[in-house]
Amino acid sequence: SKRKITVIPGDGIGPSIIESAIQILTHAGCDFDYDYADAGLVALEKHGELLPQATLDLIEKNKVSLKGPLTTPVGGGFTSINVSLRKKFNLYANVRPVISFKGTRSRYDNIDIITVRENTEGMYSGAGQKRSDDNNSAEAMSIITRDGAERIVTFAFELARQEGRKKVTIIHKANILKSTSGLFLEVAREVAARYPDIQNEEMIVDAACMNLVMYPERFDVMVTTNLFGDILSDLCAGLVGGLGMAPGANIGEGAAIFEAVHGSAPDIAGKNIANPTSVILASIQMLEYLGMQDKAERIREAVRSTIESGDRVTRDLGGSASTSEFTQAIIDRL
Ligand code: NAI
Ligand code: MG
């Protein structure tokens, strides 16, 4: 029987960029069955909940999901749906690759960096959040566990090995955050020692920011804690032409959710002008996860040659094509 994928179109530009990715998968000959599920504002309006149980059940059942961006309403005390999903399915690894395509607004053309971000702990643990009664102080807990650090760093080194990468950079702030980042670095060193075939280096997060902007070609795989990974991966998106070019995979033991790094872009929703590349690249990550490397490569090359040719590309890439015209240009190249 066909492989089933849970598809969550999401909010804002989500449905249109997801549609674009599905069309491309179909034209590349990927024969999946898609189970559509609602989450986000659209689910709140239809079912009275941001994250309905039926959606959670489908994510659980099919194990692999392709997801559009979700709008978490501000105010009303809603917790981020993305954070909930990552916690619920223990999607501990957030893998965010960026590669240069010529023809984007990037200043570089030689970038190929994967950020491996710990996705469940650190500053985003959600624990111990409080304000004082007089509202003059606030606190929150950053949590690093030995197990959590070990599994994410191991994940990064295994990924490096699988993908034939040369180096893993461990990014931290152990000089100041001695307890949390200190434990992360200590465990990372232990893990790195088990991979003599892969170079490792350590870098303090602020220095990493400077080096990424000045010498991005020196980076290969980076592994880091939750908050640093969130920030560094957006920096990396900026190195390759912006959020429209940045995919991410949330991977756990039992499930994986593939998505764009950007949000629902309410400012351009419904105008058929969004760049679908991030979600298309996320679907390529999904194919690689499923062991379908040939199809993944075929789609990547079609996307690359479309963007590099410079005609029929979306506005953020300097063109004037709509989402659907750009999608058709990729399909024509397949
Ligand atoms: P955003 O990423 O949606 O938009 C930032 C800017 O980038 C906007 O000007 C937008 O038009 C542009 N942009 C984003 N994606 C684009 C694309 N594919 N093509 C062309 N331009 C694109 O961030 P913002 O506005 O801060 O957040 C909007 C909503 O998205 C919020 O409700 C937020 O909670 C949600 N969000 C959801 C995420 C997810 O589901 N993974 C991640 C980040 C934000
Ligand atoms: Mg972010």
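Placed above this text is the structure.
About the cut-offs
- Residues numbered from 1 in each chain as written.
- Chains lettered and ligands numbered in written order.
- Predicted model: local features only at pLDDT ≥ 70, side-chain atom pairs only at ≥ 80, totals over all residues.
- Heavy atoms only, no water.
- Helix = DSSP H or I, 4+ residues; strand = E, 2+ residues; numbered from the N terminus.
- Rg over C-alpha atoms; globule rule 2.2 N^0.38 Å.
- Buried < 20%, exposed > 50% of the residue type's maximum accessible area, 1.4 Å probe, protein only.
- Contact = heavy atoms within 4.5 Å.
- Areas by Shrake-Rupley, 256 points an atom, 1.4 Å probe, with all protein chains shown as cover.
- Core = buried A, V, L, I, M, F, W, Y, C linked by side-chain atoms within 4.5 Å.
- Near = heavy atom within 4 Å.
- Polar contact = N/O pair within 3.5 Å; in protein donor to acceptor, adjacent residues only side chain to side chain.
- Patch = residues over 30% accessible without salt bridge, like charges linked within 9 Å, V, L, I, M, F, W, Y side chains within 5 Å.
- Salt bridge = Lys/Arg side-chain N within 4 Å of Asp/Glu carboxyl O.
- Phe/Tyr/Trp six-rings, centres within 6.5 Å; stacked < 30°, edge-to-face > 60°.
- Lys NZ or Arg CZ within 6 Å of the ring centre and 35° of its normal.
- Pairing = 2+ DSSP bridges.
- Axes fitted to C-alpha atoms, helices over the stretch in contact; angles between N-to-C directions.

A. View of the overall build of the protein. For the protein, the count of helices and strands is eleven helices and twelve strands. In terms of overall size, the protein behaves like a compact globule, its C-alpha atoms giving a radius of gyration of 20 Å where 334 residues would be expected to give roughly 20 Å. With the C-alpha coordinates of the protein rotated into their principal frame, the extents come out at 55 × 45 × 45 Å. Going through the 334 residues of the protein one by one, you find that 53% of them count as buried. Across the protein, the fraction of contacts at a sequence separation of at least 24, relative to all contacts at a separation of at least 6, is 72%. Of the roughly 14,700 Å² of accessible surface on the protein, a fraction of 50% belongs to carbon and sulfur atoms.

B. Main features of the nonpolar core. Counting 83 residues, the largest nonpolar core has Leu66, Ile113, Val116 and Ile299 as its most contacted members. Not counting residues up to four positions away in its chain, the partners in contact with leucine 66 are Ile5, Thr6, Val7, Ile8, Ile18, Ala21, Ile22, Phe258, Val279, Ala282, Ser283 and Met286. Counting 15 residues, the second-largest nonpolar core is a separate cluster that includes Ile8, Ala37, Ala39 and Phe89.

C. The arrangement of the site of ligand 1 in detail. Close to ligand 1 lie 19 residues; Leu70, Asn82, Gly263, Ala265 and Asn275 are nearest. Side-chain polar atom of asparagine 82 to an oxygen atom of ligand 1: 2.8 Å apart, as the coordinates give it. Within the backbone of glycine 263, an N or O atom sits 2.7 Å from an oxygen atom of ligand 1.

D. Fine view of the environment of glycine 40. Locating glycine 40 in the fold gives a position in the loop between β2 (33–36) and α2 (41–47). We classify glycine 40 as buried; its relative accessible area is 0%. Taking the C-alpha atoms as reference points, glycine 40 and glutamate 186, 146 residues apart in sequence, are found 38 Å from one another. Discounting residues that sit within four places of it in the chain, glycine 40 has contacts with Asp11, Glu49, Leu50, Leu70, Thr71 and Ile81.

E. Region of the structure containing a nonpolar patch on the surface. Together, Met210, Val213 and Met214 give the surface a local cluster of nonpolar side chains, amounting to about 280 Å² of exposed area. Along the chain, methionine 210 falls in helix α7 (residues 205–214).

F. Looking closely at the packing of aromatic side chains. What the rule picks out here adds up to four aromatic pairs. Judged by centre distance (6.1 Å) and plane angle (75 degrees), the rings of phenylalanine 32 and tyrosine 34 are edge-to-face. Exposure class is identical for phenylalanine 32 and tyrosine 34. Each is buried. When the ring of phenylalanine 157 is compared with that of tyrosine 195, the centres are 5.1 Å apart and the planes differ by 25 degrees; the resulting orientation is stacked. Here phenylalanine 157 is found in helix α5 (residues 146–162), whereas its partner tyrosine 195 is found in the loop between α6 (180–193) and β9 (199–204), with 38 residues between them in sequence. The same class applies to phenylalanine 157 as to tyrosine 195, namely buried. Positioned above the aromatic ring of tyrosine 215 is the side chain of arginine 218, whose terminal nitrogen or guanidinium carbon lies 3.7 Å from the ring centre.

G. Looking closely at the pattern of salt bridges. On inspection of all chains with the given rule, the structure shows 22 salt bridges. Measuring nitrogen to oxygen at the nearest pair gives 2.9 Å for the salt bridge that ties aspartate 197 to arginine 161. Placement of the pair is aspartate 197 in the loop between α6 and β9 and arginine 161 in helix α5, with a sequence separation of 36 residues. As a salt-bridge pair, glutamate 288 and arginine 300 come within 2.8 Å of each other at their nearest N and O atoms. Linking glutamate 288 in helix α9 (residues 277–289) with arginine 300 in helix α10 (residues 293–309), this pair joins segments that are twelve residues apart in sequence. A single network of salt bridges, built from pairs that share partners, joins Lys67, Arg86 and Glu259.

H. Representation of the sheet that holds β9. Strand order in the open sheet made by the ten strands is β2-β1-β3-β12-β11-β4-β5-β10-β8-β9, with mixed pairing throughout. In this open sheet, the two edge strands, each paired with only one partner strand, are β2 and β9. In this sheet, neighbouring strand axes are inclined to one another by 25 degrees on average, regardless of whether the strands run parallel or antiparallel. Summarising the sheet, strand β4 (residues 93–99) and strand β11 (residues 247–251) pair through three bridges and their orientation is antiparallel. Residue pairing for β11: valine 95 is matched across the bridge by alanine 249. Across the sheet, helix α1 (residues 14–27) lies against β1 (4–8), β2 and β3 (64–67), angled at about 130 degrees from β3, the strand it touches most.

Function cannot be read off these values alone, since they describe shape.
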